[in-house]
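Summary of the model geometry
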Protein chains: 2
Amino acid sequence: MASTEPYRVVVLVSGSGTNLQAIIDELHLPDDSGVTCALVVSSHAGVAALDRAAAAGIRTEVVAMVDHPDRAGRDRALAEIVSGATPDLVVLAGFMSILTGAFLDRFPDRVINLHPSLLPAFAGVDAIGQALAWGARITGVTVHFAEEEVDAGPPILQEAVPVPYDRSADALTSRIREAEHRLLPSAIRLFAEGRVSRDPSDRRRVIITEVQSR
Amino acid sequence: MASTEPYRVVVLVSGSGTNLQAIIDELHLPDDSGVTCALVVSSHAGVAALDRAAAAGIRTEVVAMVDHPDRAGRDRALAEIVSGATPDLVVLAGFMSILTGAFLDRFPDRVINLHPSLLPAFAGVDAIGQALAWGARITGVTVHFAEEEVDAGPPILQEAVPVPYDRSADALTSRIREAEHRLLPSAIRLFAEGRVSRDPSDRRRVIITEVQSR
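Scope of this entry: the structure provided in the associated data block. The structure presented is a predicted model; accordingly, all values stated were derived computationally and were not measured.

1. Regarding the overall build of chain A
- Across its full length, chain A carries 6 helices and 9 strands.
- In terms of overall dimensions, chain A is globule-like: its C-alpha atoms have a radius of gyration of 17 Å, near the 17 Å expected for 214 residues.
- In terms of overall dimensions, chain A has a C-alpha envelope of 45 × 45 × 40 Å along the principal axes.
- Counting across all 214 residues of chain A, residues that qualify as buried make up 54%.
- Sequence-distant contacts, at least 24 apart, represent 61% of the contacts inside chain A between residues at least 6 apart.
- Of the roughly 9,100 Å² of accessible surface on chain A, a fraction of 50% belongs to carbon and sulfur atoms.
- Distance between charge centroids for chain A: 2 Å, based on 20 positive and 28 negative side chains.

What follows is the structure, given as structure tokens:
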């Protein structure tokens, strides 16, 4: 990277943190990535994701719903903490809580989410179970801009994942996780390289430039 | 094929018939395919699909809505004509008219349709335009069992198609057509080989066996 200041990512988590681990391994730890994980915020205390962050020397915070009167209050507190880390990008990596405008409006076009399907198919909870129940032959993974309408923001990257012929939920979950661990670091890298933008004349159109401009 | 009697396919069309042409080239004309196209029925007179059928020596019929009092009447007439060709499989190949139970109930689990998206995403008309407008990075093609609810029957085969980076509708349409011309003959071949069935305990689950059993 030509830039001397690393690209600052804040990662929001809720659980095991395997996608956080992919970000740590692919981007945070390698010195030449140009990306640093400035902060990890969990919606729950005591989750493994916090241990992964601590083990990589990343600062952690917990912002739990139970400590706030309502979602908007939680989102304002979360925004303050995230903002304090001056992120270039906010990454929802298995963050299992809905964010409102009180949070999202503070970071316009700088919050991305990961969803285990080829959106718009199988939005919402248990996307893998939905795909299996529907009988899909192909599902996948989407990294998209987070917007107030859940799982509806425009996709940045998508990767198709074939459903195993035996429809094994374990095997499909494993394939989806592998794709997630590829796609999310790839998307962050594109942002860090300054290659992602939204077409102002068509906000659903995400432009990825070929040439590095950062 | 071990069987001496060819597998009989009736193809329903409405327009240019490029998917019919793929069936003709891949299955009807090759002597060793074990598949014959017994009849082509168009919902409209004068379309190119009828010329393609005639050029391949396939019998043609036209069953137009305008000649019938209502959809159910049209579907009964259509079912009579199709039934007269004793099909093993009825293939909707760009057939642009909704079929009711008056037709579908006559050929249980023997009517398949082609849709230019990875269903359940982008069901209905102009699936390619829908995918572009939504900002999809990946769309595709689905061959599925036709049911009364349009584009909702369980998939038999699906193929992912990446959206070109320039979002060119022409380039995407061309990629989708190529995938269609691969996928529809492949699906018919699986049926002809006796390898497609539906799980009686879960009707959304289409089973494709590995071993040829026909």
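Moving on, there is more to tell.
2. Looking at the sheet that holds strand β2 (residues 35-42) of chain B
Residues and elements named next belong to chain B.
- With mixed pairing, 7 strands are arranged side by side in an open sheet as β3-β2-β1-β4-β5-β6-β7. Bordering the open sheet on either side are β3 (60-62) and β7 (155-162), each of which pairs with just one other strand. On average, adjacent strands in this sheet sit at an angle of 20° to one another, irrespective of strand direction.
- Where strand β4 (residues 89-92) meets strand β5 (residues 111-115), 3 bridges bridge the pair, whose relative direction is parallel. Considered in β5, the bridge of Val 91 is made with Ile 112.
- Sheet strands in contact with helix α2 (residues 48-55) are β1 (7-13), β2 and β3, and its direction is about 160° off that of β3.
- Across the sheet, helix α3 (residues 71-84) touches β1, β2, β3 and β4, and the angle it forms with β2 is around 155°.

3. As for the interface of chain B and chain A
- Each side of the interface is counted separately: chain B has 27 residues, and chain A has 27 residues.
- Summed over both partners, the interface of chain B with chain A comes to about 2,300 Å²; 57% of that surface belongs to carbon and sulfur atoms.
- Considering only the surface of chain B that becomes buried against chain A, Trp 134, Arg 137 and Ile 138 of chain B emerge as the three largest contributors, covering 30% of it.
- Where chain B packs against chain A, one counts 14 residue pairs in polar contact (both at pLDDT 80 or more).
- Mapped by element, the contributors of at least two residues to the side of chain B that touches chain A are α5 (127-134), β7 and β9 (202-208) of chain B.
- No other element matches β7 of chain B, which puts 6 residues into the side of chain B that touches chain A.
- Across the side of chain B that touches chain A, the residue classes break down as 18 nonpolar, 3 polar and 6 charged.

4. Side note on the packing of helix α1 (residues 18-28) of chain B against helix α6 (residues 169-192) of chain B
Residue and element names in this part refer to chain B.
- Taken N-terminus to C-terminus, the directions of α1 and α6 make an angle of 55°; their axes are 9 Å apart at the nearest point. Considering their axes alone, α1 and α6 lie oblique with respect to each other. As for the relative orientation of α1 and α6, their crossing is right-handed in sense. Touching Thr 18, Asn 19, Ala 22, Ile 23, Glu 26 and Leu 27 of α1 are Glu 180, His 181, Leu 184, Pro 185, Ile 188 and Arg 189, all from α6.

5. Focus: the packing of aromatic side chains
- Within this structure, the stated rule accounts for 6 aromatic pairs over all chains.
- Taken together, a centroid distance of 5.0 Å and an interplanar angle of 45° make the contact between Phe 103 of chain A and Phe 107 of chain A tilted. The burial state of Phe 103 of chain A is the same as that of Phe 107 of chain A; both residues are buried.
- The residue whose ring lies beneath Arg 198 of chain A is Phe 145 of chain A, and the NZ or CZ to ring-centre distance is 4.8 Å.
- Just above the ring of Trp 134 of chain B sits the side chain of Arg 204 of chain A; from NZ or CZ to the centre is 4.6 Å.

6. Examining the sheet that holds strand β5 (residues 111-115) of chain A
Residues and elements named next belong to chain A.
- Overall, mixed pairing links the 7 strands, which are arranged β3-β2-β1-β4-β5-β6-β7 in an open sheet. Edge strands, defined here as strands with exactly one partner in the open sheet, are β3 (60-62) and β7 (155-162). When the angles between neighbouring strand axes are averaged without regard to direction, this sheet yields 20°.
- Against the sheet, helix α3 (residues 71-84) touches β1 (7-13), β2 (35-42), β3 and β4 (89-92), its axis set at about 155° to β2.
- Each of β1, β2, β4, β5, β6 (138-145) and β7 is contacted by helix α6 (residues 169-192), which is oriented at about 155° to β7, the strand it contacts most.

7. Section: the relation of the copies chain B and chain A
- In screw terms, the move from chain B to chain A is a rotation of 180° and a rise of 0.0 Å along the axis, fitting with an RMSD of 0.0 Å. Taken together, the rotation angle and the small translation identify this as a two-fold axis. Taking C-alpha positions as the reference, the residue of chain B nearest the rotation axis is Ala 121 of chain B, at 2.5 Å.
- The overlap is high: 100% of the interface residues of chain B also sit at the interface in chain A, so the same surface is used on both sides.

8. Here we look at the side chain of Thr 142 of chain B
Residues and elements named next belong to chain B.
- Summarising the element assignment, Thr 142 is placed in strand β6 (residues 138-145).
- Separated by 2.7 Å, the side chain of Thr 142 and the backbone oxygen of Ser 117 make a polar contact.
- Setting aside chain neighbours within four positions, we find Thr 142 in contact with Asn 113, Leu 114, His 115, Ser 117, Leu 118, Leu 119, Pro 155, Leu 157, Gln 158 and Leu 183.

9. Examining helix α1 (residues 18-28) of chain A
- Every buried residue belonging to α1 of chain A is among Asn 19, Leu 20, Ala 22, Ile 23, Ile 24, Leu 27 and His 28 of chain A, and all of these are buried.
- Among the structural elements, β1, β2, α2 (48-55), β4, β5 and α6 of chain A are those in contact with the buried residues of α1 of chain A.

Parameters and conventions
Residues numbered from 1 in each chain as written. Chains lettered and ligands numbered in written order. Predicted model: local features only at pLDDT ≥ 70, side-chain atom pairs only at ≥ 80, totals over all residues. Heavy atoms only, no water. Helix = DSSP H or I, 4+ residues; strand = E, 2+ residues; numbered from the N terminus. Rg over C-alpha atoms; globule rule 2.2 N^0.38 Å. Buried < 20%, exposed > 50% of the residue type's maximum accessible area, 1.4 Å probe, protein only. Contact = heavy atoms within 4.5 Å. Areas by Shrake-Rupley, 256 points an atom, 1.4 Å probe, with all protein chains shown as cover. Lys, Arg positive; Asp, Glu negative; His and termini not counted. Charge placed at Lys NZ, Arg CZ, Asp CG, Glu CD. Pairing = 2+ DSSP bridges. Axes fitted to C-alpha atoms, helices over the stretch in contact; angles between N-to-C directions. Buried area = accessible area lost by both parts, 1.4 Å probe. Polar contact = N/O pair within 3.5 Å; in protein donor to acceptor, adjacent residues only side chain to side chain. Nonpolar A, V, L, I, M, F, W, Y, C, P; charged D, E, K, R; others polar. Parallel < 35°, antiparallel > 145°, perpendicular 65-115°, else oblique. Left-handed = near helix turned anticlockwise from the far one by under 90°. Phe/Tyr/Trp six-rings, centres within 6.5 Å; stacked < 30°, edge-to-face > 60°. Lys NZ or Arg CZ within 6 Å of the ring centre and 35° of its normal. Least-squares fit on C-alpha atoms with pLDDT ≥ 70 in both.

Purely geometric stuff here, so don't read any function into it on its own.
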